[in-house]
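Below, each chain spelled out in residue letters.
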Protein chains: 2
Amino acid sequence: MSLLVVGSIAIDDVETPKGTAPNVLGGSASYFSYAASFFTPVRVVGVVGADFPSDLLSVLTDNPNIDTQGVQKESGNSFRWKGKYEGDMNVAETLEVHLNVFGEFDPHVPAAYRDSRFVFLANGSPNVQMKVLDQMDRPELVVADTMNLWIEIQRDELLTLMKRIDGLVLNDQEALLLTQADSVVAAGLQVMQMGPKFVIVKKGEHGAMFFAHDEVVAMPAFPTGRLTDPTGAGDSFAGGMMGYLASQGKSDVNTLKRGMAYGAVVASINVEGFTLSRFLETSRDHIDKRFDAYRRMLHIV
Amino acid sequence: MSLLVVGSIAIDDVETPKGTAPNVLGGSASYFSYAASFFTPVRVVGVVGADFPSDLLSVLTDNPNIDTQGVQKESGNSFRWKGKYEGDMNVAETLEVHLNVFGEFDPHVPAAYRDSRFVFLANGSPNVQMKVLDQMDRPELVVADTMNLWIEIQRDELLTLMKRIDGLVLNDQEALLLTQADSVVAAGLQVMQMGPKFVIVKKGEHGAMFFAHDEVVAMPAFPTGRLTDPTGAGDSFAGGMMGYLASQGKSDVNTLKRGMAYGAVVASINVEGFTLSRFLETSRDHIDKRFDAYRRMLHIV
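### Observations concerning the interface of chain A and chain B
Step number 1: Counting residues at the interface gives 36 residues for chain A and 36 residues for chain B.
Step number 2: Each partner contributes to the roughly 2900 Å² buried at the junction of chain A and chain B, and carbon and sulfur atoms together form 61% of this total.
Step number 3: By the criterion of area lost to chain B, the three top residues of chain A are A:Asp182, A:Ile300 and A:Val301, representing 23% of everything that side buries.
Step number 4: Counting the contacts that link chain A with chain B gives two salt bridges.

Next comes the structure, spelled out in structure tokens:
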């Protein structure tokens, strides 16, 4: 099934205890689309500035499974993020953020994309996310990501969006902020009441939880001993999951669990290197081997 | 197989967002022994003061699977702990701690206990833990818990202990403190180098990780929506796990995984009420039903 992602494409500057990576490819749409490309063709809507280095963008344009005709080029500078991780690398400290062209992002979905059956709205303002939905034919499955900023300043718009989507992806702190619940489980169940058919709460190195009408599923992260840079882990998780779902053309509970497992595996590979470097040396076969190990790990005989 | 636990028996004062519980039964040996008693008979070595309320101790003495002849009664006051949990209840704030008779605890293992095949040394100073081992016949499986205090002030003694035990249980922060590693996975692998055959890293609401010579297993907590009081979750986890292992009389990787799953289930029941209240209304049948749900949750078809 056709898969569309709308999100950011950025130039990142990252420092972790394992090293530094200046001027590298970042952004939610970059991580998501590459992660999804292991499973299915993926269409990207995003924006870059006139200054965007062509060798960074070529990581996406050279991938035969990534369609970048929806990447708009605007005059002005590209979205830049500079961040640092310390200690156990659980939380990024944002040192600088320049939204530049992404701040005015007015997504235009190319005519050839409008029939996409699976849609992922990466983190962005709920208003911009709804503008995307307005341009789509009737997609089968729409999943959106969000963040604390929108929960705080566009809560009403977010609640409106939540009635138009099938799944919401957010992290544990955001789920607690959105609901004022006293545990992640309670928060997930409360978010369900706000409209989506399922909710996925990402917990970083602790894995993710999935909530559907009568299911609560907790899944751990795949334990890698080679954590290098957590940037993009959440979008890689979403990309692996949505890519798998689109490749199967369905989203029942068992397929969603398999999708979450693929998401966990792809995210664990991504964090083993800076930017998308580990993806570039990864094959679907390698992903499937790690998926089998993950399944065995969780199989209680 | 016979199971022995050596640890604390306390009078707790607990406050959480769900309420307060003054003067209730607490202590590692209390939670551990009750959790283990669902699976196997368990022998307790601990100490209480002359002031210990008999109705609190009767929670243990009334349980036909708990042998309390090893509970020493000393003149003086009992161990008291007063703590508070706020927000998402991840971390206890200790308001008061009075070690009293537990501060001078000199464990005496009754002759009838010395042949115990499975031994759990709940959190205590490594010196005291080794004194217990000195009194034992050759047990088959010895597992010890520890805490940041001993890592800081009795590091050498802890390293000596680690060469005399089969398994070490500690939480994620303690594993990072002990190794100075930059991730829990790296920390677990490094603790393995210090002597034990396996290491279990507890992560509270995020579950636990298990490390053996060629296995790294991450398992989530069982997601309960009724979190009331996290006190004793770690000792309940250990009790469920060790109780199951002792009931099976083995500790191979598959049995350990089942044991960890039982530990996760028992801990999730315990945190649904204050002190040991939920255990008192729980049957092995209820535990087995939740175990099956946990297994199904992690089964990726």
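Picking up after the structure, the text goes on.
### Details of the relation of the copies chain A and chain B
Step number 1: With an RMSD of 0.0 Å, the fit of chain A onto chain B corresponds to turning through 180 degrees and sliding 0.0 Å along the axis. Seen this way, the second copy is the image of the first under a two-fold rotation axis.
Step number 2: Looking at chain A, 100% of its interface residues are interface residues in chain B too, so the copies touch through the same face.

### Digging into the layout of surface pockets
Step number 1: Here the second largest pocket is characterised by a volume of approximately 220 Å³.
Step number 2: If you go around the second largest pocket, the residues you meet are A:Asp214, A:Glu215, A:Val216, A:Val217, A:Val253, A:Asn254, A:Lys257, B:Phe222, B:Ala293, B:Tyr294, B:Arg296 and B:Met297.
Step number 3: Elements with a contribution of two residues or more to the lining of the second largest pocket: strand 13 (215–219) and helix 9 (253–270) of chain A together with helix 11 (284–298) of chain B.
Step number 4: Of the residues forming the lining of the second largest pocket, the biggest block, four residues, is contributed by helix 11 of chain B.
Step number 5: Each residue belonging to the lining of the second largest pocket can be placed in one class, and the counts come to seven nonpolar, one polar and four charged.

### With respect to the pairing of strand 9 (residues 141–145) of chain A
All names here are of chain A.
Step number 1: Counting buried positions along strand 9 gives five out of five residues, so the element sits mostly inside the fold.
Step number 2: Burial along strand 9 is two-sided: Leu141, Val143 and Asp145 and Val142 and Ala144, pointing in opposite directions, are all buried.
Step number 3: Bridging between strand 8 (residues 118–121) and strand 9 involves four bridges; their strand directions are parallel. Across the sheet, the residue bridging to Leu121 is Ala144, located in strand 9.
Step number 4: Two strands pair when backbone bridges link them, and strand 9 and strand 10 (residues 167–171) are joined in this way by three bridges, in the parallel orientation. Among the inter-strand pairings, Ala144 is bridged to a residue of strand 10, identified as Leu168.

### Some points on the packing of helix 8 (residues 233–248) of chain B against helix 9 (residues 253–270) of chain B
Residues and elements named next belong to chain B.
Step number 1: Contact pair helix 8 / helix 9: the axes reach a minimum separation of 7 Å and the direction vectors enclose 140 degrees. As summarised for this structure, helix 8 and helix 9 are arranged oblique, according to the angle between their axes. Here helix 8 and helix 9 pass one another in a crossing that is right-handed. The segment helix 8 lies against helix 9, with Ala233, Ser236, Phe237, Gly240, Met241, Tyr244, Leu245 and Gln248 engaging Thr255, Leu256, Arg258, Gly259, Met260, Tyr262, Gly263, Ala264, Val266, Ala267 and Asn270.
Step number 2: Each residue belonging to the contact of helix 8 with helix 9 can be placed in one class, and the counts come to eleven nonpolar, seven polar and one charged.

### With respect to unusual backbone geometry
Excluding glycine, most residues fall at negative phi; most peptide bonds, likewise, are trans.
Step number 1: Phi angles above zero are rare outside glycine, and A:Asn23 is one such case at about 55 degrees.
Step number 2: On the basis of relative accessibility, which here comes to 42%, the residue A:Asn23 falls in the partly exposed class.
Step number 3: Even without glycine at this site, B:Asn100 takes up a positive phi of about 45 degrees.
Step number 4: Locating B:Asn100 in the fold gives a position in the loop between strand 7 (92–98) and strand 8 (118–121).
Step number 5: The exposure class of B:Asn100 is partly exposed, given its relative accessible area of 35%.

### Brief notes about the packing of aromatic side chains
All names here are of chain B.
Step number 1: Per the counting criterion, the structure on display carries 24 aromatic pairs over all chains.
Step number 2: For the ring pair Phe39 and Tyr262, a centre distance of 5.1 Å and an interplane angle of 75 degrees mean the geometry is edge-to-face. With Phe39 in the loop between helix 1 (28–37) and strand 4 (42–49) and Tyr262 in helix 9, this pair connects stretches of sequence that are 223 residues apart.

### A word on helix 5 (residues 155–162) of chain A
Step number 1: For helix 5 of chain A, the set of buried residues is A:Leu158, A:Leu161 and A:Met162. For helix 5 of chain A, the angular spread of the buried residues around the axis is 100 degrees, confining them to a single face.

### Looking at the confidence of the model for chain A
Step number 1: For chain A, the mean per-residue pLDDT works out to 96, and 100% of the residues sit at or above 70.
Step number 2: Both scores are available for the predicted complex, with the pTM at 0.93 and the ipTM at 0.91.

### Describing the packing of helix 1 of chain B against helix 8 of chain B
Two quantities define a packed helix pair, namely the angle between the helix axes and the distance between the axes.
Residue and element names in this part refer to chain B.
Step number 1: Where helix 1 meets helix 8, the axes come as close as 7 Å, and the angle between the chain directions of the two elements is 40 degrees. In the packing of helix 1 onto helix 8, the handedness of the crossing is right-handed. Facing helix 1, whose interface residues are Ser28, Tyr31, Phe32, Ala35 and Ala36, helix 8 presents Asp235, Ser236, Ala238, Gly239, Gly240, Met242 and Gly243.

### Side note on the environment of B:Lys131
Step number 1: Here B:Lys131 lies in helix 3 (residues 126–135).
Step number 2: Taking the C-alpha atoms as reference points, B:Lys131 and B:Val109, separated by 22 residues in sequence, lie 9.6 Å from one another.

### As for the sheet that holds strand 2 (residues 10–16) of chain B
Residue and element names in this part refer to chain B.
Step number 1: Taken in spatial order, the four strands line up as 3-2-6-7 in an open sheet, and their pairing is mixed. Every interior strand has two partners, whereas the edge strands, strand 3 (19–26) and strand 7, have only one. Adjacent strand axes in the sheet meet at a mean angle of 15 degrees when their direction is disregarded.
Step number 2: Where strand 6 (residues 79–85) lies against strand 7, six bridges are found, and the strand directions are antiparallel.

### Here we look at the pairing of strand 4 (residues 42–49) of chain A
Residue and element names in this part refer to chain A.
Step number 1: Burial runs high along strand 4: eight of the eight residues are buried.
Step number 2: For strand 1 (residues 3–6) and strand 4, the ladder comprises four bridges, and the chain directions are parallel. Directly across from Val5, in strand 4, lies its bridge partner Val44.
Step number 3: Across seven bridges, strand 4 lies against strand 5 (residues 66–74) in parallel orientation. Paired with Gly46 across the strands is Val71, a residue of strand 5.
Step number 4: The parallel pair strand 4 and strand 5, bridged by helix 2 (residues 54–61), forms a crossover whose chirality is right-handed.

### Concerning the pattern of salt bridges
Step number 1: Per the stated rule, a full pass over the model turns up 29 salt bridges over all chains.
Step number 2: The shortest N-O distance in the salt bridge between A:Arg43 and A:Asp115 comes to 2.9 Å. Pair noted here: A:Arg43 is in strand 4 and A:Asp115 is in the loop between strand 7 (92–98) and strand 8, with a separation of 72 residues, a long-range link.
Step number 3: You can call A:Arg43 buried: its relative accessible area is 18%.
Step number 4: With relative accessibility at 39%, the residue A:Asp115 sits in the partly exposed group.
Step number 5: The shortest N-O distance in the salt bridge between B:Asp288 and B:Arg284 comes to 3.2 Å. You can see B:Asp288 and its partner B:Arg284 sitting in helix 11, four residues apart, about one turn around the helix.
Step number 6: A residue is classified by how much of its surface remains accessible, and B:Asp288, at 23% relative accessible area, is partly exposed.
Step number 7: The class for B:Arg284 is partly exposed, based on a relative accessible area of 30%.
Step number 8: Because the salt bridges share partners, they merge into one network encompassing A:Arg226, A:Glu272, A:Arg278, A:Glu281 and A:Arg290.

Each value, and the rule that gives it
Residues numbered from 1 in each chain as written. Chains lettered and ligands numbered in written order. Predicted model: local features only at pLDDT ≥ 70, side-chain atom pairs only at ≥ 80, totals over all residues. Heavy atoms only, no water. Contact = heavy atoms within 4.5 Å. Buried area = accessible area lost by both parts, 1.4 Å probe. Salt bridge = Lys/Arg side-chain N within 4 Å of Asp/Glu carboxyl O. Least-squares fit on C-alpha atoms with pLDDT ≥ 70 in both. 1 Å grid on protein atoms, 1.4 Å probe; cavity = no way out; pocket = protein on both sides within 12 Å on 5 of 7 lines; lining within 4 Å. Points joined across faces, edges and corners; volume = space filled by probe spheres on them. Helix = DSSP H or I, 4+ residues; strand = E, 2+ residues; numbered from the N terminus. Nonpolar A, V, L, I, M, F, W, Y, C, P; charged D, E, K, R; others polar. Buried < 20%, exposed > 50% of the residue type's maximum accessible area, 1.4 Å probe, protein only. Pairing = 2+ DSSP bridges. Axes fitted to C-alpha atoms, helices over the stretch in contact; angles between N-to-C directions. Parallel < 35°, antiparallel > 145°, perpendicular 65-115°, else oblique. Left-handed = near helix turned anticlockwise from the far one by under 90°. Phe/Tyr/Trp six-rings, centres within 6.5 Å; stacked < 30°, edge-to-face > 60°. Arc of directions from axis to C-beta. pLDDT = per-residue confidence, 0-100. Right-handed = clockwise from strand over helix to strand, strands pointing away.

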